[in-house]
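Remarks on the overall topology
As a plain string of letters, each chain reads:
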Amino acid sequence: MADFFRTIFLFDENNPLIFTRFFFWGFFAVVITGFVFIHKHKAARNAYLFLVSLFFYYKTGGLFFFILIFSTITDYFLGLAIFYAHSRLQKKIWLSLSLFINIFVLAFFKYDYFITETINQIFNTNLEVVTHAAKWSNAIFGTRFNLGEILPPVGISFFTFQTMSYAIDVYRGQVKPVKSIVDFGFYVSFFPQLVAGPIVRAAEFIPQLYKPYSLSRQEFGYGVYLILKGLTKKMLVGDFIAVNLIDRVFANPASFSGFENLSALFGYSLQVYCDFSGYTDIAIGVALLLGFYLPKNFNSPYKAKNVGDFWKRWHISLSSWLKDYLYIPMGGNRNASNFTYISLFFVLLFIVLLSQKLVLIPIFVFIIGCTFLLTRFFPSINNQVTTNINLMMTMLIGGLWHGSSWTFVIWGGLNGLGLIVYKYWKKISPYENIDKWYVNAWKILLTFTFITFTRIWFRGETFQGTMELLSQIFKHFGGNAVPQMIISYWKPLAMLVFGLVIHWLPDSVKCNYRDWFIARPMYQKIVISSFVVFIIYQSVSSELAPFIYFQF
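Residues numbered from 1 in each chain as written. Predicted model: local features only at pLDDT ≥ 70, side-chain atom pairs only at ≥ 80, totals over all residues. Heavy atoms only, no water.

Let us look at the packing of helix H12 (residues 258-289) against helix H19 (residues 437-459). Running from N to C, H12 and H19 point in directions that differ by 90°, and their axes come no closer than 9 Å. Taken together, the axis directions place H12 and H19 in an arrangement best described as roughly perpendicular. Contact residues: Leu262, Leu265, Phe266, Tyr268, Ser269 and Val272 in H12; Phe448, Thr449, Thr452, Phe453, Arg455, Ile456, Phe458 and Arg459 in H19. Grouping the constituent residues of the contact of H12 with H19 by class yields nine nonpolar, three polar and two charged. (Axes fitted to C-alpha atoms, helices over the stretch in contact; angles between N-to-C directions. Helix = DSSP H or I, 4+ residues; strand = E, 2+ residues; numbered from the N terminus. Parallel < 35°, antiparallel > 145°, perpendicular 65-115°, else oblique. Contact = heavy atoms within 4.5 Å. Nonpolar A, V, L, I, M, F, W, Y, C, P; charged D, E, K, R; others polar.)

Listed below in structure tokens is the structure:
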């Protein structure tokens, strides 16, 4: 009995509470059962969901639960301080404190090894990374965390960006602060989207806290449909391709032919979409069943006809966050601002520290100086140059948001370069305004291929590994053995084709089978759902894979 309660209530690093485990759906069933008795009372409902969300995060992230509590408390009171400050200067001081605390916490957990290694290299010290939270967890709960390994708290980037946007929106006067810390805690920690998004703005979510619960028959059907859709994407398509092709190839690219590397690369492009959009589908569906609406986070991104269109369709909540809180404050497509130069300074400093080559400092200073003089002597190009800098800084910071390595810097830089190149190409392209199916197909294929090749740097753990993969593709393709390799990998390749075909189906077709499911009577929904779940779990052949974006 003691082991049973330990399994239910204590954190187990080997069995986190994630959507793909039956334990989560048992948890959700208990949540729904309690929710039935209190859903009509808004204050009790919000407090109840806040508490179960905290339990969910504890079961998923362990003692990092206290980081979530810390962020909730500090940003709640700082939001009030910003709102009730008597002068603009006081508001700026409180906002700066909020941003500093959030960025410091995020930087400590995501860039700890990078910062420690850089200090040791520059000052010839021998500092070591030690996680006291792991030490306490080992002592109290008997866990076996490595004390020299600081892993970022699950979803820290998501809930930190959420609390930062709250403070900024209060400062801008776009939202009033939440009066109850319980309601604010519920906004920050709502369990469906807590660990991998979508990033929810306060102006979108907080008004829902004070609305009565309602769930129509159509909304219920849509919520269940999204959950089934997300599980199918993640487990039937994404995980199957990963286990049977992608993980093997990326683990040792040099041992596989160029064709196998290329197949794994395109497979990964589909996997990361199925994995991440699958999570948000489930999150939106679960939230809907509880009476809350989360924003759409993906819009068939591989149907994009250019890089700009892709970033309007992919991880929409992050793209819009970067646009509203980075790109536009920098000046957007108008001009540069002080924030542009501050961002440029920190990004270049990060690159210098990452390379550990101080010689880059005078080189960067020279380039910045020449750019400054060029824009002053030739005002006609000032707007173009500063806009491109704003665009590149936004994408580089987006890359660094994912992690402190050259691979993420290069990935962000390549996407920034793609946006800039397309901005000029569309002015001279003879195909830009031609709306023919074959022209659109070519644009989609070209964009998909470009995005896929940038993912070499997103997926690759080391610079050397990414270069090995590229080398195999371009130097050792193994064309003569392609038919045999297709036969050997026919199952994951067939699943890859299946996933892309479904993705590229017209929206009207997808809406038809979605609406068909929603219109089914309840008993048919139960039968269909049971059948889909049975098929999904029959495809699971190994330990359930965590969601890719949990690491961010």
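From this point, the narrative continues.
Time to look at the packing of aromatic side chains. Taken as a whole, this structure holds 58 aromatic pairs when the rule is applied. Here the aromatic rings of Phe19 and Tyr279 are separated by 4.7 Å at their centres, their planes lie at 20°, and the arrangement is stacked. You can see Phe19 sitting in the loop between helix H1 (2-9) and helix H2 (22-38) and its partner Tyr279 sitting in helix H12, a full 260 residues away along the chain. Judged by relative accessible area, which is 1%, Tyr279 ranks as buried. With centroids separated by 6.0 Å and ring planes inclined at 65°, the aromatic side chains of Trp311 and Trp411 adopt a geometry described as edge-to-face. Of this pair, Trp311 sits in helix H13 (residues 307-313) while Trp411 sits in helix H18 (residues 406-428), and the two are 100 residues apart along the sequence. Since its relative accessible area comes to 14%, Trp311 is described here as buried. The cationic tip of Arg88 hangs over the ring face of Tyr171; the distance from NZ or CZ to the ring centre is 4.7 Å. (Phe/Tyr/Trp six-rings, centres within 6.5 Å; stacked < 30°, edge-to-face > 60°. Buried < 20%, exposed > 50% of the residue type's maximum accessible area, 1.4 Å probe, protein only. Lys NZ or Arg CZ within 6 Å of the ring centre and 35° of its normal.)

To continue, consider the side chain of Thr72. Positionally, Thr72 belongs in helix H4 (residues 65-84). The class of Thr72 is buried, set by a relative accessible area of 5%. With residues up to four places along the chain from it excluded, the contact list for Thr72 reads Phe184, Gly185 and Val188.

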